[in-house]
Amino acid sequence: MTTPSNTTTQVSLPSDTEVHVTRDFKAPRALVWQAHTDPALFQRWIGGYPGWTMPVCEMDVRPGGKYRWRWRSEDGNEFGFYGEFREVDAPDKMVQAEFYDPGTFGGAMPTTPTVTSTKFTEQNGITTLVVVITYGTKDERDAAISTGMTDGMEISYARLDALVAEQQGEATAESV
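What counts, and at which threshold
All residue numbers here refer to positions counted from 1 along the written sequence of the relevant chain. This being a predicted model, a pLDDT of at least 70 is required before a residue's local features are given, and a value of 80 or more before pairs of side-chain atoms are given or counted; all residues contribute to the totals for chains, interfaces and linings. Side-chain numbers here rest on the full set of heavy atoms in the structure, without hydrogens or water. Counting from the N terminus, the helices are the DSSP runs of H or I reaching at least four residues and the strands are the DSSP runs of E reaching at least two. Only C-alpha atoms enter the radius of gyration; for comparison, a globular chain is expected to reach 2.2 Å times N to the power 0.38, where N is the number of residues. For each residue, the accessible area found with a 1.4 Å probe, counting protein chains only, is set against the maximum for its type, and the residue is called buried under 20%, exposed over 50%, and partly exposed in between. Contact criterion: two residues are considered in contact whenever any of their non-hydrogen atoms come within 4.5 Å of each other. Method remark: on a 1 Å grid restricted to protein atoms, a set of points is classed as a cavity if a 1.4 Å probe fits but cannot get out and as a pocket if it is open with protein on both sides within 12 Å along at least five of seven lines; lining residues have an atom within 4 Å of a point. Grid points are joined across faces, edges and corners, and a volume is the space filled by probe spheres set on the points. Classes in brief: Ala, Val, Leu, Ile, Met, Phe, Trp, Tyr, Cys and Pro nonpolar; Asp, Glu, Lys and Arg charged; the others, Gly included, polar. By the convention used here, strands pair only if DSSP detects at least 2 bridges between them. Just to be clear on terms, a salt bridge is a Lys or Arg side-chain nitrogen sitting within 4 Å of an Asp or Glu carboxyl oxygen. Pairs of N or O atoms within 3.5 Å make up the polar contacts considered here, provided that, within protein, one atom can donate a hydrogen while the other can accept it, and that residues adjacent in sequence are counted only when both atoms are side-chain atoms. Nonpolar cores were defined as sets of buried Ala, Val, Leu, Ile, Met, Phe, Trp, Tyr and Cys residues, with membership established by side-chain atoms within 4.5 Å.

A few points about the overall build of the protein
Along the protein, the regular secondary structure elements total four helices and eight strands. When the helices and strands of the protein are read in sequence order from the N terminus, they spell out β-β-α-α-β-β-β-β-β-β-α-α. Rg of the C-alpha trace for the protein: 16 Å, near the compact-globule value of 16 Å for 176 residues, within the 12% margin. When its C-alpha atoms are laid out on the principal axes, the protein stretches across 55 × 35 × 30 Å. Burial status across the protein gives 39% buried among its 176 residues. Long-range pairs, those at least 24 residues apart, make up 51% of the contacts in the protein between residues at least 6 apart in sequence.

Below, the structure written as structure tokens:
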């Protein structure tokens, strides 16, 4: 297995409505995919900033399947997302339509979904995750970026690094 080249989240804004995120993981694609599609695993790493929990993580990962995610801070603030999986091609790609639920933070709820496409590729034991998030408007994209979203993604991805390392250690121990 080689060393990942993008061990921190790389973010770009290729258009007025898109956020492009790339991150490498030292793990087989199947493990990274599973961590994105198994609710029990997803909850372990997707928490974002310290002090936040994910009390709601419901996912029916199939085309047309629904999902609902909700996060809660130590001081009781909440927000979430809900939507539908439009495309699921395990372990290569998933596309979902997503609506933001501002919870206690307030703010306008978009009338059109944000579309998130996540691609998983593997080379030499390194999985590259490419996420393209397409918002309805530039203002929606800019509002999302201003929340610290991509910093929270990196915090979560660091937890995902630890999770897949743990899983690989378990797999190695079980194969002995």
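Looking at the layout of surface pockets
By volume, the largest pocket is sized at about 1,200 Å³. Along its surface, the largest pocket is lined by 38 residues, and W71, F79, F81, E98 and M149 are the ones closest to its centre. Across the lining of the largest pocket, the residue classes break down as 23 nonpolar, 13 polar and two charged.

Digging into the pairing of strand β2 (residues 18-25)
Look at any regular strand and the pattern is simple: side chains alternate between the two faces of the sheet. The element β2 is largely enclosed, with a buried count of six among its eight residues. As consecutive antiparallel partners, strand β1 (residues 10-12) and β2 are separated by five residues. In this sheet, strand β8 (residues 126-134) lies alongside β2 in antiparallel orientation, the contact comprising eight bridges. Looking across to β8, one finds that H20 is bridged to V132.

Describing the pairing of strand β5 (residues 78-89)
Relative to β5, strand β4 (residues 66-73) runs antiparallel, the two sharing seven bridges. Across the sheet, residue R70 finds its bridge partner in β5, namely G80. Once β4 ends, the chain turns through four residues before running back antiparallel as β5, passing G76 with a positive phi of about 95 degrees. With nine bridges joining them, β5 and strand β6 (residues 93-101) adopt antiparallel strand pairing.

A short note on the pattern of salt bridges
This structure, assessed with the given rule, holds twelve salt bridges. Between R68 and E58 there is a salt bridge; the shortest N-O distance is 3.5 Å. Pair noted here: R68 is in strand β4 and E58 is in strand β3 (residues 52-59), with a separation of ten residues, a long-range link. A relative accessible area of 38% means that R68 is categorised as partly exposed. On the basis of relative accessibility, which here comes to 43%, the residue E58 falls in the partly exposed class. Here D142 makes a salt bridge to R141, at a shortest N to O gap of 2.7 Å.

Concerning the side chain of T37
Checked against the element boundaries, T37 lands in helix α1 (residues 29-37). Only 3.0 Å separates the side chain of T37 from the backbone oxygen of W33, close enough to count as a polar contact. If we skip the residues at most four places from it in the chain, T37 touches M59, V61 and M94.

Overview of the nonpolar core
Nonpolar side chains in soluble globular proteins tend to be buried together. Of all hydrophobic cores here, the largest spans 33 residues; its most connected members are F42, W45, W69, Y157 and L160. Listed by contribution, the elements that provide at least two residues to this core are β2, α1, α2 (39-45), β3, β4, β5, β8 and α4 (149-175). Setting aside its immediate chain neighbours within four residues, W69 contacts F42, M54, V56, C57, E58, M59, F79, G80, F81, Q96 and E98.

Section: the environment of V115
By secondary structure assignment, the location of V115 is in strand β7 (residues 114-123). C-alpha separation for the pair V115 and A97, spaced 18 residues apart in sequence, amounts to 4.6 Å. Leaving out residues up to four positions away in the same chain, V115 has contacts with R86, V95, Q96, V132, I133 and T134.

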